[in-house]
Protein chains: 2
Amino acid sequence: MSRNDVPLIENNLDFLPFVPDAVILADGEYPVHEYPLRLLRETPYIVCCDGAANTFISHGYIPNMIIGDGDSLSVENRMLYKDRLLYVADQETNDLTKAIRFLLGKNFRNVVILGATGKREDHTLGNISLLMEHFPCFLHLAMVTDYGVFIPVCDSHTFDSRPGQQVSVFNFGACDMRSEGLVYPVRDFSRLWEGTLNETSGSAFSIFCKGNYLLYLAYDVK
Amino acid sequence: MSRNDVPLIENNLDFLPFVPDAVILADGEYPVHEYPLRLLRETPYIVCCDGAANTFISHGYIPNMIIGDGDSLSVENRMLYKDRLLYVADQETNDLTKAIRFLLGKNFRNVVILGATGKREDHTLGNISLLMEHFPCFLHLAMVTDYGVFIPVCDSHTFDSRPGQQVSVFNFGACDMRSEGLVYPVRDFSRLWEGTLNETSGSAFSIFCKGNYLLYLAYDVK
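Residues numbered from 1 in each chain as written. Chains lettered and ligands numbered in written order. Predicted model: local features only at pLDDT ≥ 70, side-chain atom pairs only at ≥ 80, totals over all residues. Heavy atoms only, no water.

Draft legend 1. Seen up close, the environment of V23 of chain B. All names here are of chain B. In this structure, V23 sits in strand 1 (residues 22-25). Residues V23 and I46, spaced 23 residues apart in sequence, show a C-alpha to C-alpha distance of 4.9 Å. Residues in contact with V23, not counting those within four places in the same chain, are L39, L40, T43, Y45, I46, V47, V112 and L114. (Helix = DSSP H or I, 4+ residues; strand = E, 2+ residues; numbered from the N terminus. Contact = heavy atoms within 4.5 Å.)

Next up, the structure:
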């Protein structure tokens, strides 16, 4: 199945345990799945990372803010949207970090990152790592893709799910890890692949642990 | 730029420091970039992970071996290619691991993994983690995508490059890390994002360290 064949999901079905007050659109692949597209339509505040603004604008939208180091925005958009441009020259941070810091400064506390996967895979790895780094500063920070949602979590938590939903649990330093409501029990994984390809057995599941982990909830149900 | 707009590269330009004797085609996105497509055409032995065989066959090829747990191959292909099917019922390992173990058993020692990224991002993370787990058993094991190549490395090494080639260095437990020939110096990074977005300053660069790291060489040159 190609990215463009991803089936549409019911519009009233939410995959995140919160309603975002802002979206960061990064410059990976522009979403095609209905859920991230809906987040782009319905979230009140959209920050685009530099080059991502070109794509967002070409889809008929106007970003609330465009943030980056200025090397990817088209000359035309640079002129048209100069009232909502924030160029940060700092070469030590990438555009996603700049967007995250901007939203923190504006007191947004429930943020979703879109367009952070696809294209170069080293950017995908870096973006996931930034998600884990910055989520403690927010009430909720998550990443939504065309295939599922990444939710960083600290300590024990119970999650709503659909029975048979495909789930992966990536350990980022958590200990004493165990699970309820997953087909394969979770433990203190030391390697990323060990927590992949799990699935829920009911309408909720729990992870018990101390520390940080990253949950991936695929839209797929088996 | 969408995945399908990736520019073709010169046919005589190699991005890997070895010539593979076998390719594993995993069931992520089927490659569109000329370099992985050339590896599929020219490598003498192709192992397809289960569902990936459907796509490979639909492109006019015949895999040398199809390996998996049998849940994704079409009924028609299951009949047609039953002489080259290896079903491994083990639920503890995924299809990529089964293919890696099979090639090790057959004494292939220079192997490239294709189709291991795209689609579900939890699979991408798991596949990269499996690359780091298994590369010490091979002379060379690498992952080639539509955007670049992942090369796992142990200890110090010098690599050929093109000036301005985009490079990321992911630390998987290496220590005393430093670099020559990269624009931004490398150190003992503890977070994945810290090693991203580097680039080469000349026609070769070196990483000095003790331990394992993962190199990403993008096709991009800036």
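The discussion continues.
Draft legend 2. The relation of the copies chain A and chain B, seen in detail. The two copies are related by a screw operation: chain A maps onto chain B through 180 degrees of rotation and 0.0 Å of translation along the axis, at an RMSD of 0.0 Å. One copy is carried onto the other by what is essentially a two-fold rotation axis. Within chain A, G118 of chain A has its C-alpha nearest the rotation axis, a separation of 3.3 Å. Interface overlap between copies: 100% of the residues of chain A at the interface are likewise at the interface in chain B, consistent with a symmetric, same-surface contact. (Least-squares fit on C-alpha atoms with pLDDT ≥ 70 in both.)

Draft legend 3. Quick peek at the UniProt feature "domain: Thiamin pyrophosphokinase catalytic" (unreviewed entry) in chain A. Under the UniProt annotation, "domain: Thiamin pyrophosphokinase catalytic" (unreviewed entry) lies at residues 38-133 of chain A. Taken end to end, residues 38-133 of chain A comprises 45% helix and 17% strand; its first and last C-alpha atoms sit 26 Å apart. (UniProt positions renumbered as here; feature names shortened; annotations may be inferred.)

Draft legend 4. Looking closely at the interface of chain A and chain B. On the chain B side, the residues contacting the 32 residues of chain A number 33 residues. At the boundary of chain A with chain B, total buried surface from both sides reaches about 3200 Å², with 59% on carbon and sulfur atoms. On the chain A side of the interface with chain B, the three residues burying the most area are R120, E121 and L125 of chain A, jointly 23% of the side's total. Remark: the boundary between chain A and chain B carries 4 salt bridges. For D220 of chain B, the salt bridge is made with R120 of chain A, and the minimal N-O distance between the two is 3.4 Å. Where chain A packs against chain B, one counts 18 residue pairs in polar contact (both at pLDDT 80 or more). The greatest single-element share of the side of chain A that touches chain B, amounting to 9 residues, is contributed by helix 5 (residues 121-134) of chain A. Split into classes, the residues belonging to the side of chain A that touches chain B amount to 13 nonpolar, 10 polar and 9 charged. (Buried area = accessible area lost by both parts, 1.4 Å probe. Salt bridge = Lys/Arg side-chain N within 4 Å of Asp/Glu carboxyl O. Polar contact = N/O pair within 3.5 Å; in protein donor to acceptor, adjacent residues only side chain to side chain. Nonpolar A, V, L, I, M, F, W, Y, C, P; charged D, E, K, R; others polar.)

Draft legend 5. Here's a closer look at the sheet that holds strand 3 (residues 65-68) of chain B. Residue and element names in this part refer to chain B. Judged by pairing direction, the sheet is mixed, and its 10 strands sit side by side in the order 4-3-2-1-5-6-7-13-9-11 without closing on themselves. On the outer flanks of this sheet lie strand 4 (85-87) and strand 11 (198-199), each paired with one strand and no other. Of the pairings in the sheet, the one linking strand 9 (residues 165-171) to strand 11 comprises 2 bridges and is antiparallel in character. Residue pairing in the sheet places V167 in a bridge with N198 of strand 11. Of the strands in this sheet, strand 1, strand 2 (46-49) and strand 3 are in contact with helix 2 (residues 51-58), which crosses strand 2 at around 125 degrees. (Pairing = 2+ DSSP bridges. Axes fitted to C-alpha atoms, helices over the stretch in contact; angles between N-to-C directions.)

Draft legend 6. Spatial organisation of the pairing of strand 1 of chain B. Residues and elements named next belong to chain B. Of the two faces of strand 1, the one holding A22 and I24 and the one holding V23 and L25 are both buried throughout. In this sheet, strand 5 (residues 110-114) lies alongside strand 1 in parallel orientation, the contact comprising 4 bridges. By the bridge assignment, L25 is partnered in strand 5 with L114. Inspection of the sheet shows strand 1 paired to strand 2 by 3 bridges, in the parallel sense. Bridging from a neighbouring strand, V23 pairs with I46 of strand 2. (Buried < 20%, exposed > 50% of the residue type's maximum accessible area, 1.4 Å probe, protein only.)

Draft legend 7. Inspection of the packing of helix 4 (residues 95-105) of chain A against helix 5 of chain A at higher detail. All names here are of chain A. Viewed as axis vectors pointing N to C, helix 4 and helix 5 meet at an angle of 25 degrees, and their least axial separation amounts to 10 Å. Here helix 4 is positioned roughly parallel relative to helix 5, judged by the angle of their axes. Here helix 4 and helix 5 pass one another in a crossing that is right-handed. Residue-level inspection shows L96, T97 and I100 of helix 4 in contact with helix 5, the latter providing N127, L130 and H134. Residues belonging to the contact of helix 4 with helix 5 are distributed by class as follows: 3 nonpolar, 3 polar and no charged. (Parallel < 35°, antiparallel > 145°, perpendicular 65-115°, else oblique. Left-handed = near helix turned anticlockwise from the far one by under 90°.)

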